[in-house]
Amino acid sequence: MARAQGEKDGGIRQMDFARYEQYRETGVHEVPGFAYNTYLCTIPQDFARVRPHWHDQMEIVYVKRGSGTVSTNFVRYPVHAGSIVPILPGEIHAIDGDDGSRMEYENIIFSLDILDSHEPDDWCRANVLEPLREGTLRFARPVPEGTEFYERVRWALDGADAACAVRQPGYSMVVKSRLFLLMDALYAFRSADAPERAEPAAERLRTVLREVNANYAAPPSVEGAARLAGYSKAHFMRVFKKDMGMTYSQYVTECRLTAASYYLEKTSDPVGAIAQSCGFDNFSYFNRRFRRRYGMTPTEFRAKA
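Below or above, wherever it landed, is the structure these notes cover. (Residues numbered from 1 in each chain as written. Predicted model: local features only at pLDDT ≥ 70, side-chain atom pairs only at ≥ 80, totals over all residues. Heavy atoms only, no water.)

## Brief notes about the pairing of strand β1 (residues 36–43)
Across the eight residues of β1, seven count as buried, placing the element largely inside the fold. Sheet topology places β1 next to strand β8 (residues 103–110); eight bridges connect them, and they run antiparallel. Counted as the bridge partner of T42 is E104 from β8. (Buried < 20%, exposed > 50% of the residue type's maximum accessible area, 1.4 Å probe, protein only. Helix = DSSP H or I, 4+ residues; strand = E, 2+ residues; numbered from the N terminus. Pairing = 2+ DSSP bridges.)

## Some thoughts on the packing of aromatic side chains
One pass over the full model with this rule turns up 16 aromatic pairs. Ring centres 5.0 Å apart and planes at 50° place the aromatic pair F280 and F286 in the tilted group. On the basis of relative accessible area, F280 is assigned to the buried category, the value being 4%. Seen from their ring centres, F283 and F286 are 6.1 Å apart, and the 40° between their planes marks the pair as tilted. With a gap of three residues between them, F283 and F286 both fall in helix α10 (residues 283–294), about one helical turn apart. Judged by its relative accessible area of 39%, F283 falls in the partly exposed class. Here a set of aromatic residues connected by ring pairs shows up, and it is made of F280, F283, Y285, F286, F290, Y294 and F301. Positioned above the aromatic ring of Y62 is the side chain of K64, whose terminal nitrogen or guanidinium carbon lies 3.5 Å from the ring centre. Note that R178 overlies the ring of W155, its terminal NZ or CZ placed 3.5 Å from the centroid. (Phe/Tyr/Trp six-rings, centres within 6.5 Å; stacked < 30°, edge-to-face > 60°. Lys NZ or Arg CZ within 6 Å of the ring centre and 35° of its normal.)

## Notes on the sheet that holds strand β2 (residues 50–53)
Strand order in the open sheet made by the four strands is β2-β7-β4-β5, with antiparallel pairing throughout. The open sheet has two free edges, formed respectively by β2 and β5 (75–80), since each of these has just one partner strand. Taken over all neighbouring pairs, the strand axes of this sheet differ in orientation by 20° on average, direction set aside. When β2 meets strand β7 (residues 93–97), the two strands line up antiparallel, connected through two bridges. Following the sheet pairing, H53 is matched in β7 by H93. (Axes fitted to C-alpha atoms, helices over the stretch in contact; angles between N-to-C directions.)

## As for the packing of helix α6 (residues 222–229) against helix α7 (residues 233–244)
At their nearest, the axes of α6 and α7 sit 9 Å apart, and the two run at 85° to each other. Compared by their axis directions, α6 and α7 come out roughly perpendicular. In this structure, α6 uses V222, E223, A225, A226 and A229 to contact α7, whose residues at the interface are K233, F236 and M237. Split into classes, the residues belonging to the contact of α6 with α7 amount to six nonpolar, no polar and two charged. (Parallel < 35°, antiparallel > 145°, perpendicular 65-115°, else oblique. Contact = heavy atoms within 4.5 Å. Nonpolar A, V, L, I, M, F, W, Y, C, P; charged D, E, K, R; others polar.)

## Thoughts on the pairing of β7
Summarising burial for β7: four of the five residues are buried, a large majority. Taken together, the five bridges between strand β4 (residues 67–72) and β7 define a ladder with antiparallel strand orientation. The residue bridging T69 from the neighbouring strand is D96, located in β7.

## Details of the packing of helix α3 (residues 148–166) against helix α4 (residues 171–188)
Running from amino to carboxyl end, α3 crosses α4 at an angle of 165°, the nearest separation of the two axes being 9 Å. When the axis of α3 is compared with that of α4, the two are roughly antiparallel. Note on packing geometry: the crossing formed by α3 with α4 is left-handed. The residues of α4 that touch α3, namely those facing F149, R152, V153, W155, A156, L157, G159, A160, A163 and C164, are Y171, V174, V175, R178, L181, L182, D184, A185, L186 and A188. (Left-handed = near helix turned anticlockwise from the far one by under 90°.)

## Topic: the nonpolar core
Core analysis: the largest hydrophobic core is formed by 36 residues, its most contacted members being F236, F240, Y248, Y251, C278 and F286. Of all the elements in the fold, those that place two or more residues in this core are α5 (200–214), α6, α7, α8 (248–266), α9 (271–277) and α10. The next biggest cluster of nonpolar side chains, apart from the first, holds 34 residues, and it includes M58, I84, L112 and Y150. (Core = buried A, V, L, I, M, F, W, Y, C linked by side-chain atoms within 4.5 Å.)

## Focus on the side chain of T69
Among the structural elements, T69 can be located in strand β4. In this structure the side chain of T69 is engaged in a polar contact, spanning 3.5 Å, whose partner is the side chain of R76. Dropping the residues within four chain positions of it, T69 is found in contact with R76, Y77, P78, V79, A94, I95, D96 and D98. (Polar contact = N/O pair within 3.5 Å; in protein donor to acceptor, adjacent residues only side chain to side chain.)

## Here we look at the pattern of salt bridges
Here the structure, examined in full by the defined rule, presents 17 salt bridges. Two residues, E104 and R102, come together in a salt bridge whose shortest N-O distance is 2.8 Å. In this structure E104 comes out as buried when scored by relative accessible area, which is 17%. (Salt bridge = Lys/Arg side-chain N within 4 Å of Asp/Glu carboxyl O.)

Structural data, given as structure tokens:
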């Protein structure tokens, strides 16, 4: 029987939710040791929406067609063809298409570490990379079209895309050079009133999301999640529903379904065993929820994968 990738010793399995759920092997441009990826995605064809999540990498949503909304730390930004939305490491973000619209976009995800150096007094690290990681270097989002800021960002991204398309020897150097120019644009057009630290509400919820993603089979109760966030139970339930667009219980179920879809695709484990390991004690309930989420039964999903 195949062992699930990333299975945690002790029973509860873990996985990279963001990478699997939102960017399932669609046009990955990556070489070992070079943490730069591009994913071509379409809503609703590839998935209905990108639910709120976060990761430690920098991300840029570059809309190619259609319209929708990109949310960062629960602030919603309308987007359309041509919109470019940089997302900082650690920011909770989500992507939705407008009703009746086919939104095509490129996701660009990369680690800021590939631009760092070994020098202890590196200027770029101190003035750009660390402020981006800490959420204190801010700028207008989406990047305002028709401005020098936009043209510099677009030129940098299009050049990196062109290098990835050909992938000649040394193309990673071209990508890095364009990313440095991107960093220069973000710094040059930074906002003067940037916050000193990330928004506390987003940070509190991120603590809860991290715990649920790591322990989706046995997540904290609502009361436990409220304690993690530092809220009363009633206030936590209100804040979670308002900011996440779903209840805490619904979020837990979404995480479990995502994990189940991963193991259906990546392993040969029995469907019932997968359901139970992901926190579904009632197999009939698991089947109903899976069909509602993916439009097919778990068995049909595995056959199609």
